[in-house]
Every structure is written in C-alpha cells, then in structure tokens.
Amino acid sequence: MSELCYDKETLEILDDKLWDIKNKVDFIFRYPVKLLKRFEFDYDLNFHSASKQESLNNSLKPIISNLHLYYAALLKIRDIADSGLKKANAEKNIELFVEWMEDELDLFLGLEYSLALEIFGGNSKFRSMIKFCANKEATVKALWGTA
C-alpha cells in the first residue's frame with residue numbers, strides 16, 4: 001500500500017494519498033458487501049473517513065527502510081544475473097549474493113535468497129521478477145513492484 005503513496009523523487013510518503021487509500025481500505029473492511037448489494041447503505045450517513053490528524057509517515061518508516069533493503073537485494077540479483085546465468089556460474093552467483101548480503105547489508109534476506117536460488121539455479125519462471133533482459137526503465141519499475 002505504501003508504495004502507491006511514495007514520491008520517488010523526494011523519497012517521502014505523500015500523506016494525502018496514504019490517507020485516501022487508508023479510508024478506502026477501512027471502507028472495504030467495515031461494511032459488508034451484502035448491504036451494498038441491497039442498496040441499504042447511505043455513504044453520507046454510514047461512512048466517516050478518518051481525518052488527517054497526524055502524519056502516517058512515522059508509522060511507515062520501518063516498512064520503507066525494509067523496502068529499500070529488498071529493492072537493493074533485487075538490484076544485486078539482477079546485477080549478478082547480467083554477468084551470466086549459465087549452470088556453470090550458478091554456485092558462484094549464489095556465493096556472490098550471499099557474500100554481498102553479509103558484507104554490505106550485514107544481514108541475510110531469506111526470501112531474496114530463495115529467489116536468487118531459483119534464478120541462478122535455472123528456473124526461468126522467476127526471471128520475470130527481475131526483468132532479465134529488459135531495458136532499464138522496465139527493470140526499475142518491476143524491481144520496485146517486486147520489492
């Protein structure tokens with residue numbers, strides 16, 4: 001949800017967009033579809049959107065910092081994949097990715113490691129997640145979405 005409200009130039013959360021999405025999600029979970037289908041719902045009377053009392057930016061900071069980690073890991077997987085996805089390189093590619101996580105991130109990302117195993121191991125179904133052989137713009141957009 002937060003990626004829809006993220007300004008990629010300023011790297012900040014856009015509060016107006018985030019509150020709008022929050023109100024839509026609240027609406028979905030608060031009112032049964034049965035009532036809506038029977039037209040027994042008066043939007044003006046029954047729905048009260050949350051007012052913007054405070055910025056939601058602080059509550060999303062941990063999510064955004066993790067999102068950056070996942071994005072960086074996907075970029076690294078793509079970078080290593082560009083050097084070759086031959087079976088002979090599979091083990092070396094995995095070792096490069098694990099060393100990068102340990103040295104640069106000082107942590108181990110399990111889901112990204114699993115994805116790297118699939119991609120470097122030859123499972124071509126997962127290559128679309130890193131937009132292998134795509135242009136830069138398509139790759140950046142896909143990796144952000146995957147993160």
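Think of each chain on its own: its residues are numbered from 1, step by step along the sequence as written. This being a predicted model, a pLDDT of at least 70 is required before a residue's local features are given, and a value of 80 or more before pairs of side-chain atoms are given or counted; all residues contribute to the totals for chains, interfaces and linings. Side-chain measures here rest on the full set of heavy atoms in the structure, leaving out hydrogens and waters.

> Help me understand the packing of aromatic side chains, please; the structure alone is not making it clear to me.
Aromatic rings considered in pairs are described by the distance between their centres and by the relative angle of their planes. Each Phe, Tyr or Trp ring, with Trp reduced to its six-membered ring, pairs with another whose centre is within 6.5 Å; inter-plane angles below 30 degrees give stacked pairs, above 60 give edge-to-face pairs, and intermediate values give tilted ones. Scanning the entire structure with this criterion turns up two aromatic pairs. Taking 6.0 Å as the distance between ring centres and 20° as the angle between the ring planes, the aromatic pair formed by Phe-97 and Trp-100 counts as stacked. Note that Phe-97 and Trp-100 are positioned in helix H5 (residues 90-105) at a spacing of three residues, about one turn of the helix. For the pair Phe-97 and Trp-100, one class covers both residues: buried. For the ring pair Phe-108 and Tyr-113, a centre distance of 5.0 Å and an interplane angle of 50° mean the geometry is tilted. Think of it this way: any DSSP run of H or I at least four residues long counts as a helix, any run of E at least two long counts as a strand, and we number them from the N terminus. Each residue's exposure class comes from its accessible area (1.4 Å probe, protein chains only) as a fraction of the maximum for that residue type: buried when under 20%, exposed when over 50%, partly exposed otherwise.

> I tried to follow a nonpolar patch on the surface on my own but got confused; where do I start?
Patch definition: residues with relative accessible area over 30% and no salt bridge; like charges joined within 9 Å; nonpolar side chains (Val, Leu, Ile, Met, Phe, Trp, Tyr) joined within 5 Å. Surface exposure here means Shrake-Rupley accessible area, sampled with a 1.4 Å probe, where a residue is shielded only by the protein chains that are shown. Salt bridge criterion: a side-chain nitrogen from Lys or Arg within 4 Å of a carboxyl oxygen from Asp or Glu. Together, Val-25, Ile-28 and Phe-29 make up an exposed nonpolar region whose accessible area comes to about 340 Å². Among the secondary structure elements, Phe-29 is positioned in helix H1 (residues 15-30). Owing to a relative accessible area of 71%, Phe-29 belongs among the exposed residues under this scheme.

> When you look at H5 in this model, what are you seeing that I'm missing?
Given a rise of 1.5 Å per residue, 16 residues ought to cover 22 Å, and the 22 Å separating the end C-alpha atoms of H5 matches this to within 8%. Every buried residue of H5 is listed here: Ala-90, Asn-93, Ile-94, Phe-97, Val-98, Trp-100, Met-101 and Leu-105. Projected onto a plane normal to the axis of H5, the buried residues spread over an arc of 155° and lie on a single side. Turned more than 90 degrees away from the buried face of H5, the exposed residues are Glu-91 and Asp-103. Where H5 ends, the next residue or the one after it, Asp-106, has phi of about 60°, a positive value. Here the expected span of a helix is defined as 1.5 Å times the quantity of residues minus one. As used here, the arc is the angular range of directions from the helix axis to the C-beta atoms.

> For this particular structure, what's the right way to read the pattern of salt bridges?
Opposite charge on two side chains permits pairing when their charged atoms draw close. Enumeration over the complete set of coordinates arrives at two salt bridges. Residue Asp-79 is joined to Lys-76 by a salt bridge in which the shortest nitrogen-to-oxygen separation is 3.7 Å. Remark: Lys-76 and Asp-79 occur in helix H4 (residues 57-82); sequence separation between them is three residues, near one turn of the helix. Under the relative-accessibility criterion, Asp-79 is labelled partly exposed at 46%. When the shortest N-O distance is used, the salt bridge between Asp-82 and Arg-78 registers 3.1 Å.

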